[in-house]
Amino acid sequence: PAVTSPCKILKCNSEFWAATSGSHHLGTEEAPEFCTALRAYAHCTRRTARTCRGDLAYHSAVHGIDDLMVQHNCSKDGPTSQPRLRTLPPGDSQERSDSPEICHYEKSFHKHSASPNYTHCGLFGDPHLRTFTDTFQTCKVQGAWPLIDNNYLNVQVTNTPVLPGSTATATSKLTIIFKSFQECVDQKVYQAEMDELPAAFADGSKNGGDKHGANSLKITEKVSGQHIEIQAKYIGTTIVVRQVGRYLTFAVRMPEEVVNAVEDRDSQGLYLCLRGCPLNQQIDFQTIRSAQATEGRARRKGPSLPAPPEAFTYETATAKCREKLPVEDLYFQSCVFDLLTTGDVNFMLAAYYAFEDVKMLHSNKDKLHLYERTRDLAPGNMAPSETNPALWVALLCLSQCWLCLL
């Protein structure tokens, strides 16, 4: 399957934003330049219309252009070159001091109650999923899958094979839809794909639109083409999207109240951040990792097993991952797994940045690292420390009764 879309709407969006950065603060004397950029934007969308018929970001951009044309009294006829308009002076801000209280989650939802509980979900690598309940899974999930689908936003990822014929997949496309919310924000669509990480929504804007609390939703570019952050204050949510190598990573911090804001929980079986991957899409991460380690030891004893096509052995992958991930938790193990299955060192960086995002977004600092449950053994290699002692007593009693019957 193709890993990039022939629809080039993201390129049109980026060019328009580059040409009009800061233009909403310009005086009326620069309106002609803004209209010129709008006409160029419309011309770009027309060029890619045939390949974008089913693309939500494309249709959002077309409607946005029409609205901006009316707002700025722009003629559809005229020059279409894209002059670079002046940017905001240092210290200038879009923030409105009179933004309604309902557009600030902590102020409006929890005015007379305890602070909200925040939770985290992340997706990175081949791909590895950390759910809102801190379950860690490695999944296949090739094609398009919903990560989040609640009353406020929808997040969908598309995963494609890393190599032809390979079972290893990674995220090549990401779509986030922020649903219209009261007087705070209009519906906004953010879309990223391989080699295209825009610093604006699909309609070229960087906030929630024309509503009074529009700036409760904002995009900030942290590293050009590599790292963006979306703050949705009206739902207390922070989203981090990165491009590492050729593929995308996703991380979110969201209040439990928003996480669980679904009309019918029984219909949310494919909401990966909430329910995890379906069983038939999960990969037995630890079993494969043990087999890789065993195969590595067998190769050292003799030439009976052929070397894999990847650039890493188990030992070199372990050493490489330890450079960035010194704690041998599941992020470290996923790094080793990805280097062995793909041979691409960028997957090591994806695991590293995924853990950095966890450190920034997870509210419980005692749960940053995740480990295999089977490794949590009591001294003397006895039963897992979390096992209920009453269960062992019951088993012992049953065994004694069985001996008496014999």
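In this text the structure is predicted, and so the values were computed from the model without any measurement. (Residues numbered from 1 in each chain as written. Predicted model: local features only at pLDDT ≥ 70, side-chain atom pairs only at ≥ 80, totals over all residues. Heavy atoms only, no water.)

**Looking at the overall build of the protein**
Looking only at helices and strands, the protein has eleven helices and eleven strands in total. Here the protein holds 406 residues, and the buried ones make up 48% of them. For the protein, long-range pairs separated by at least 24 residues make up 60% of all intrachain contacts whose partners lie at least 6 apart in sequence. Within the structure as shown, the protein displays about 20,300 Å² of accessible surface, and the carbon and sulfur contribution to it stands at 54%. (Helix = DSSP H or I, 4+ residues; strand = E, 2+ residues; numbered from the N terminus. Buried < 20%, exposed > 50% of the residue type's maximum accessible area, 1.4 Å probe, protein only. Contact = heavy atoms within 4.5 Å. Areas by Shrake-Rupley, 256 points an atom, 1.4 Å probe, with all protein chains shown as cover.)

**So, the pairing of strand 6 (residues 169-178)**
Note on strand geometry: in a regular strand, side chains alternate between the two faces of the sheet. Across the ten residues that make up strand 6, a large majority, nine, are buried. Across nine bridges, the pairing between strand 5 (residues 153-161) and strand 6 is antiparallel. What sits directly across from Thr-158, in strand 6, is Lys-173. Bridge count between strand 6 and strand 7 (residues 188-193): six bridges; the pairing is antiparallel. In the strand pairing of strand 7, Leu-174 is matched with Ala-192. (Pairing = 2+ DSSP bridges.)

**A short note on the state of the cysteines**
Applying the stated criterion across every chain yields a total of seven disulfides. Cys-7 shares a disulfide with Cys-52; S-S distance 1.9 Å. Negative torsions about the S-S bond denote left-handed disulfides, and the value of about 105° found for Cys-7 with Cys-52 makes this one right-handed. With Cys-7 in the segment before helix 1 (9-20) and Cys-52 in the loop between helix 2 (31-47) and helix 3 (56-71), the pair connects residues that are 45 residues apart, well separated along the chain. You can call Cys-7 buried: its relative accessible area is 4%. (Disulfide = S-S within 2.5 Å.)

**Structural notes on the environment of Cys-121**
Positionally, Cys-121 belongs in strand 1 (residues 118-124). Judged by relative accessible area, which is 0%, Cys-121 ranks as buried. Between the C-alpha atoms of Cys-121 and Leu-274, which are 153 residues apart in sequence, the distance is 8.5 Å. Not counting chain neighbours up to four residues away, the residues in contact with Cys-121 comprise Leu-129, Arg-130, Thr-131, Phe-132, Phe-250, Ala-251, Val-252 and Cys-273.

**A few points about the environment of Phe-201**
By the element assignment, Phe-201 lies in the loop between strand 7 and strand 8 (217-223). The spacing of Phe-201 and Ser-14 is 187 residues in sequence and 9.2 Å in space, taken between C-alpha atoms. Those residues in contact with Phe-201 that lie beyond four places of it in its chain are Asn-13, Phe-178, Lys-188, Val-189, Tyr-190, Lys-206, Asn-207, Leu-217 and Ile-219.

**Overview of the confidence of the model for the protein**
Per-residue pLDDT for the protein averages 78, and the proportion of residues at 70 or more is 73%. Between residues 23-29, whose pLDDT stays under 50, and residues either more than four places distant or in other chains, the model counts ten contacts. Contacts for the low-pLDDT stretch residues 82-98, under 50 throughout, to residues beyond four places or in other chains number 40 contacts. (pLDDT = per-residue confidence, 0-100.)

**A look at the sheet that holds strand 3 (residues 136-138)**
Strand order in the open sheet made by the seven strands is 3-2-1-11-10-9-8, with antiparallel pairing throughout. Both edges of this open sheet fall to strand 3 and strand 8, since each of them pairs with a single strand only. Looking at each pair of strands side by side, their axes are set apart by 10° on average, direction ignored. Where strand 2 (residues 128-130) and strand 3 come together, three bridges link them in antiparallel fashion. Of the residues in strand 3, the one forming a bridge with His-128 is Thr-138. Each of strand 1, strand 2, strand 9 (227-232), strand 10 (237-244) and strand 11 (247-255) is contacted by helix 10 (residues 346-361), which is oriented at about 165° to strand 10, the strand it contacts most. (Axes fitted to C-alpha atoms, helices over the stretch in contact; angles between N-to-C directions.)

**Section: the packing of aromatic side chains**
In this structure the tally under the stated criterion is eleven aromatic pairs. Between Tyr-152 and Phe-181, the aromatic rings sit 5.8 Å apart at their centres with planes inclined by 65°, giving edge-to-face as the arrangement. A residue pair is termed long-range when its members are at least 10 positions apart, and Tyr-152 in the loop between strand 4 (143-149) and strand 5 and Phe-181 in the loop between strand 6 and strand 7 qualify at 29 residues. Ring geometry for Tyr-247 against Phe-347: centres 5.9 Å apart, planes inclined by 40°, an arrangement best described as tilted. Note that Tyr-247 is positioned in strand 11 and Phe-347 in helix 10, a separation of 100 residues in sequence. (Phe/Tyr/Trp six-rings, centres within 6.5 Å; stacked < 30°, edge-to-face > 60°.)

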